[in-house]
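Examining the three-dimensional arrangement
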Amino acid sequence: MRSVALERLFVFLSTPPRSDPAESASAAQEHQRWQRVRSTFDILGHVDNGVDPSRLEVERVAAELARVRHAQQIANDLEEMVRAFRDDAIATASTLVEVCDKSLELTRTLAGSGYHYELAGVIEAMRDIAAPLRRSRPEADDEAEGEEKSDDEEKSEAKG
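Residues numbered from 1 in each chain as written. Predicted model: local features only at pLDDT ≥ 70, side-chain atom pairs only at ≥ 80, totals over all residues. Heavy atoms only, no water.

So, on to the overall build of the protein chain. Across its full length, the protein chain carries 5 helices and 0 strands. Counting all 160 residues of the protein chain, 12% fall into the buried class. In the protein chain, of all internal contacts separated by at least 6 residues, the share reaching a separation of at least 24 is 25%. Looking at the protein chain as shown, the accessible area adds up to about 12900 Å², and 58% of this sits on carbon and sulfur atoms. (Helix = DSSP H or I, 4+ residues; strand = E, 2+ residues; numbered from the N terminus. Buried < 20%, exposed > 50% of the residue type's maximum accessible area, 1.4 Å probe, protein only. Contact = heavy atoms within 4.5 Å. Areas by Shrake-Rupley, 256 points an atom, 1.4 Å probe, with all protein chains shown as cover.)

Turning to a nonpolar patch on the surface, a few remarks are in order. On the surface, Ile 74, Leu 78, Met 81 and Phe 85 cluster together to form a nonpolar patch covering roughly 410 Å² of accessible area. By the element assignment, Met 81 lies in helix α3 (residues 58–115). (Patch = residues over 30% accessible without salt bridge, like charges linked within 9 Å, V, L, I, M, F, W, Y side chains within 5 Å. Salt bridge = Lys/Arg side-chain N within 4 Å of Asp/Glu carboxyl O.)

Quick look at the pattern of salt bridges now. Under the definition given, this model contains 6 salt bridges. The residue Glu 64 makes a salt bridge to Arg 67 at a minimum N-O spacing of 3.3 Å. Of this pair, Glu 64 and Arg 67 both sit in helix α3, 3 residues apart, roughly one helical turn. Taking the relative accessible area as the measure of exposure, Glu 64 reaches 34% and is therefore partly exposed. One salt bridge in this structure joins Arg 108 and Glu 105, with 2.7 Å as the shortest N-O distance. With Arg 108 and Glu 105 both in helix α3 and 3 residues apart, the pair spans about one turn of that helix. Judged by its relative accessible area of 43%, Glu 105 is partly exposed.

Taking 1.5 Å per residue as the helical rise, helix α2 (residues 25–40) with its 16 residues ought to reach 22 Å, and the 23 Å between its terminal C-alpha atoms agrees with that figure. Taken residue by residue, α2 has Ala 27, His 31, Trp 34 and Arg 38 as its buried positions. Across the axial projection of α2, the buried residues extend over an arc of 60°, all falling on one side. Away from its buried face, by an angle of more than 90 degrees, α2 presents the exposed residues Ala 25, Ser 26 and Arg 33. Residues of α2 that are buried make contact with α1 (2–14) and α3. (Expected span 1.5 Å × (residues − 1). Arc of directions from axis to C-beta.)

A separate point is the side chain of His 31. Tracing the backbone shows His 31 in helix α2. Of the residues examined, His 31 reaches a relative accessible area of 19% and is grouped as buried. The residues touching His 31, leaving out its near neighbours within four places in the chain, are Pro 16, Pro 17 and Pro 21.

Caution is warranted with low-pLDDT regions, since their predicted coordinates should not be read in detail. Of the residues in the protein chain, 81% have a pLDDT of 70 or more, and the chain-wide mean is 80. Helix α5 (residues 138–159) is the least confidently modelled element of the protein chain, averaging 51 in pLDDT, while α2 averages 89, the highest of any element. (pLDDT = per-residue confidence, 0-100.)

Before going further, it helps to examine unusual backbone geometry. Note: most peptide bonds trans; most residues except glycine with negative phi. Positive phi, normally seen in glycine, also occurs at Asn 49, with a value near 55°. Within the secondary structure, Asn 49 sits in the loop between α2 and α3.

Attention shifts here to the packing of α1 against α3. Close contact between α1 and α3 brings their axes to 9 Å; oriented N to C, the two are set at 155°. It follows that α1 is roughly antiparallel to α3 by the angle criterion. The two elements α1 and α3 meet at a crossing, and its hand is left-handed. Of the residues in α3, those in contact with Ser 3, Leu 6, Glu 7, Phe 10, Leu 13 and Ser 14 of α1 are Val 58, Glu 59, Val 61, Ala 62, Leu 65 and Arg 69. The residue makeup of the contact of α1 with α3, split by class, is 7 nonpolar, 2 polar and 3 charged. (Axes fitted to C-alpha atoms, helices over the stretch in contact; angles between N-to-C directions. Parallel < 35°, antiparallel > 145°, perpendicular 65-115°, else oblique. Left-handed = near helix turned anticlockwise from the far one by under 90°. Nonpolar A, V, L, I, M, F, W, Y, C, P; charged D, E, K, R; others polar.)

Structure follows, in structure tokens:
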């Protein structure tokens, strides 16, 4: 809404009346009124980041406004594309969870059946992935606390 009003204002300010002021008194009066309105906006010349601080450079401000509008549209389109890619990645990953889990389980089975050497790299990678996950599990904290208590109990029993 606001940008439409600004566009119309900038078009008005940058486009003098079509009639020639020399043609008639009314054309001259119309041109003079436009000049007065236009000059009123020149007080904004020092804030438009233009070259001339005594004049509002309407064409430059209008061009920057258009650039901002286009940049915002591109940003909106990119955000929509990111959402689409994220949704696609989640959907694809969810279809692969079962086959990946079963592949890792089969790897464990084969490693336990004498193919440990051939699958050593895979098993090592699985350990690297699993170790931090095990440490971050709440059950692991509870189990560790239980083990500490039993160690403390053992020490008190040894003393007693």
